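# Observations on the three-dimensional arrangement
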Amino acid sequence: MTLPTVTSVMPPRHVQVSYITEIVKLMLWFMHRLMVEKKIEFAAALADYVDIYRKTSYFRLGDPEETQRRRPAWSRCAADLEEVFSRHLACGSPPSRVEEEGLALLWPHLSERIDLGLPLVEYRRDASFGCFYYYVTGPVVDLHFTNTIMLAAPFKEPLQRARELYELVTHCRRRYREAEWIKCGTWLNAYAPFRSLFPESWKDTGEPKSYNSLGWWGQFVDHAGDIHTRNVQRFRATGEFPYPCTFHRCALSDLAAFLCGILERNGGRRGVGLSAE
């Protein structure tokens, strides 16, 4: 069986520049807040709470050897960034100073990633269906979501998203007979349009999700690939992520039956074999 192919959509360069500028400033602001209020060390704040490294040209998901070769240079860059934080924290500078100087330090490596045509977000796909893709580990399907129809808002077409998710579930159940559960760790579990695609048995597992991932930071990307201004404003005002990132899961058979019902009620049979078997 030939797997569906998803073509990644790269926003125009000016949108990428706008997004990377604002998201890195936001991450630097968050690091400053953590270090001042939570007394978290710089190394932990950079590695465990933000996603700056993967936004630079030092990181190449598709080229592990090049990533490893560039690792010492990233370590030197991180040391320079630590010096920026240490200097400004020592004299009580406002976080805006750290944002400005930190962004200037990182900018050659952020812009190089754009110039090389590397996506600001990289994904490995086992099998992709529209905006959804998955991996399988034993009996558990690890579900992921990305907006592959960028510049459009993905949840303005909920029935199409239901079709894609049903196709994914059907493909997965045929290919991986041992798969029993499906889970997803994302801020979208707190977003009603996404949550409406899942049955009542789709519940929070209580499993923690690392802060240094799109599971948390994806809520600051808008449908066009630019910064989500409203969510950024809320985050800066409160210090709390607008949407918590949680792991939810349910039985794969529950999700299949639920999506089958959605499609049958909405006449959504085009291109989809409706069976919850």
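Our subject is the structure listed above.
This text gives an overview of the structure that appears in the document. (Residues numbered from 1 in each chain as written. Predicted model: local features only at pLDDT ≥ 70, side-chain atom pairs only at ≥ 80, totals over all residues. Heavy atoms only, no water.)

### Points about the pattern of salt bridges
Scanning all chains against the criterion turns up 13 salt bridges. We note a salt bridge from Arg13 to Asp115, for which the minimum N-O separation is 2.7 Å. With a gap of 102 residues between them, Arg13 in helix H1 (residues 13-37) and Asp115 in helix H4 (residues 95-115) connect regions that are remote in the sequence. For Arg13, a relative accessible area of 43% corresponds to the partly exposed category. (Salt bridge = Lys/Arg side-chain N within 4 Å of Asp/Glu carboxyl O. Helix = DSSP H or I, 4+ residues; strand = E, 2+ residues; numbered from the N terminus. Buried < 20%, exposed > 50% of the residue type's maximum accessible area, 1.4 Å probe, protein only.)

### Here's the deal with the side chain of Thr67
Checked against the element boundaries, Thr67 lands in helix H3 (residues 64-90). For Thr67, a relative accessible area of 13% puts it in the buried group. Thr67 has contacts with Tyr53, Tyr58, Phe59 and Arg60, leaving out every residue within four places of it along the chain. (Contact = heavy atoms within 4.5 Å.)

### Here's the deal with the pairing of strand E4 (residues 181-186)
Where burial is concerned, most of E4 is hidden: 5 out of the 6 residues are buried. With 3 bridges joining them, strand E3 (residues 140-145) and E4 adopt parallel strand pairing. Within E4, the residue paired with Val141 across the bridge is Ile182. You can see the chain leave E3, run along helix H5 (residues 158-175) and come back into E4, and the turn it takes is right-handed. In terms of strand pairing, E4 meets strand E6 (residues 246-251) through 6 bridges, oriented antiparallel. Looking at the pairing, Gly185 lines up with Phe247 of E6. (Pairing = 2+ DSSP bridges. Right-handed = clockwise from strand over helix to strand, strands pointing away.)

### Thoughts on the sheet that holds strand E5 (residues 203-204)
Spatial ordering of the open sheet is given by E1-E2-E3-E4-E6-E5, a layout of 6 strands whose pairing is mixed. Edge strands, defined here as strands with exactly one partner in the open sheet, are strand E1 (127-129) and E5. Taken strand by strand, H5 contacts E1, strand E2 (132-137) and E3, and its axis lies near 25° from that of E2. (Axes fitted to C-alpha atoms, helices over the stretch in contact; angles between N-to-C directions.)

### Concerning H5
Over its 18 residues, H5 runs 26 Å from end to end, which matches the ideal 26 Å to within 8%, given 1.5 Å per residue. Listing the buried residues of H5 in full gives Arg161, Ala162, Arg163, Glu164, Leu165, Tyr166, Leu168, Val169, Thr170, His171 and Cys172. Buried positions along H5 lie against E1, E2, E3 and helix H9 (252-265). (Expected span 1.5 Å × (residues − 1).)

### Here we look at unusual backbone geometry
A cis amide bond links Met150 with the next residue in sequence, Leu151, at an omega value of 15°. Here Leu151 lies in the loop between E3 and H5. In this structure, Lys39 takes a positive phi of about 60° despite not being glycine. Following the sequence through the fold, Lys39 ends up in the loop between H1 and helix H2 (42-49).

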